[in-house]
Amino acid sequence: MEFRIDEAKRQVIVISGVAKAGEIVLNELDPLNRKFLNGTNERYECELVLQDVEVTNEAGEKTGVTELKAFARRKGAENWLMEFIPEEYIL
């Protein structure tokens, strides 16, 4: 699955490879239903957040350019962010 970010609407549009499914629109702060591996003891709820991040070059130096990226944030833990990967969620 691929996705794009609509900055103006603060949405993530997930494009499914399945013709029937088409596009799935997620708004910022929508709950995300994470897929957990069997045997996972700690389960938690996540929500979608969009955040500007500073772009770095190949040497790891900041370029001064920012880019809007999608993250999953654990509810109740403001600083806990994980890059949003659509395949890791039930959409």
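Report on the accompanying structure. (Residues numbered from 1 in each chain as written. Predicted model: local features only at pLDDT ≥ 70, side-chain atom pairs only at ≥ 80, totals over all residues. Heavy atoms only, no water.)

1. Let's talk about the overall build of the chain
Then, number 1: In terms of regular secondary structure, the chain is built from zero helices and eight strands.
Then, number 2: For the chain, the α and β elements follow one another from N to C terminus as β-β-β-β-β-β-β-β.
Then, number 3: Seen along its three principal axes, the alpha-carbon backbone of the chain occupies a region of about 40 × 35 × 25 Å.
Then, number 4: Evaluated residue by residue, the chain yields a buried proportion of 24% over its 91 residues.
Then, number 5: In the chain, the share of contacts with a sequence separation of at least 24, taken over all contacts with a separation of at least 6, comes to 34%.
Then, number 6: Total accessible area on the chain is roughly 6,400 Å²; 46% of this is exposed by carbon and sulfur atoms. (Helix = DSSP H or I, 4+ residues; strand = E, 2+ residues; numbered from the N terminus. Buried < 20%, exposed > 50% of the residue type's maximum accessible area, 1.4 Å probe, protein only. Contact = heavy atoms within 4.5 Å. Areas by Shrake-Rupley, 256 points an atom, 1.4 Å probe, with all protein chains shown as cover.)

2. Observations regarding the pattern of salt bridges
Should their charged atoms come close, side chains of opposite charge can pair.
Then, number 1: For the structure on display, the rule yields seven salt bridges.
Then, number 2: Of the charged contacts, one joins E45 and K75 as a salt bridge, the two residues approaching to 3.7 Å between their closest N and O atoms. In this pair, E45 is assigned in the loop between β4 (31-34) and β5 (46-56) and K75 in the loop between β6 (62-74) and β7 (81-83), connecting sequence segments 30 residues apart.
Then, number 3: Residue K75 is classed as partly exposed on the basis of its relative accessible area of 38%.
Then, number 4: Here E83 ties to K69 by a salt bridge, and the two come within 3.8 Å at their closest N and O atoms. Taken together, the residues E83 in strand β7 and K69 in strand β6 connect sequence positions 14 residues apart. (Salt bridge = Lys/Arg side-chain N within 4 Å of Asp/Glu carboxyl O.)

3. Thoughts on the sheet that holds strand β3 (residues 23-27)
Then, number 1: Taking strand neighbours across the sheet as the criterion, the three strands line up as β1-β2-β3 in an open arrangement whose pairing is antiparallel. The two strands at the open ends of the sheet, each matched to only one other strand, are β1 (2-6) and β3. The mean angle between the axes of side-by-side strands here comes to 20°, regardless of whether they run parallel or antiparallel. (Pairing = 2+ DSSP bridges. Axes fitted to C-alpha atoms, helices over the stretch in contact; angles between N-to-C directions.)

4. Thoughts on the packing of aromatic side chains
Then, number 1: Taken as a whole and judged by the stated rule, the model has four aromatic pairs.
Then, number 2: Geometrically, the ring pair formed by F36 and Y44 is edge-to-face, given 5.2 Å between the ring centres and 90° between the ring planes.
Then, number 3: Assessed through its relative accessible area of 19%, Y44 is described here as buried.
Then, number 4: Within the aromatic cluster, the residues linked to one another by ring pairs are F3, F84 and Y89.
Then, number 5: Above the ring of W80, the side-chain terminus of R74 is found at 5.9 Å from the ring centroid. (Phe/Tyr/Trp six-rings, centres within 6.5 Å; stacked < 30°, edge-to-face > 60°. Lys NZ or Arg CZ within 6 Å of the ring centre and 35° of its normal.)

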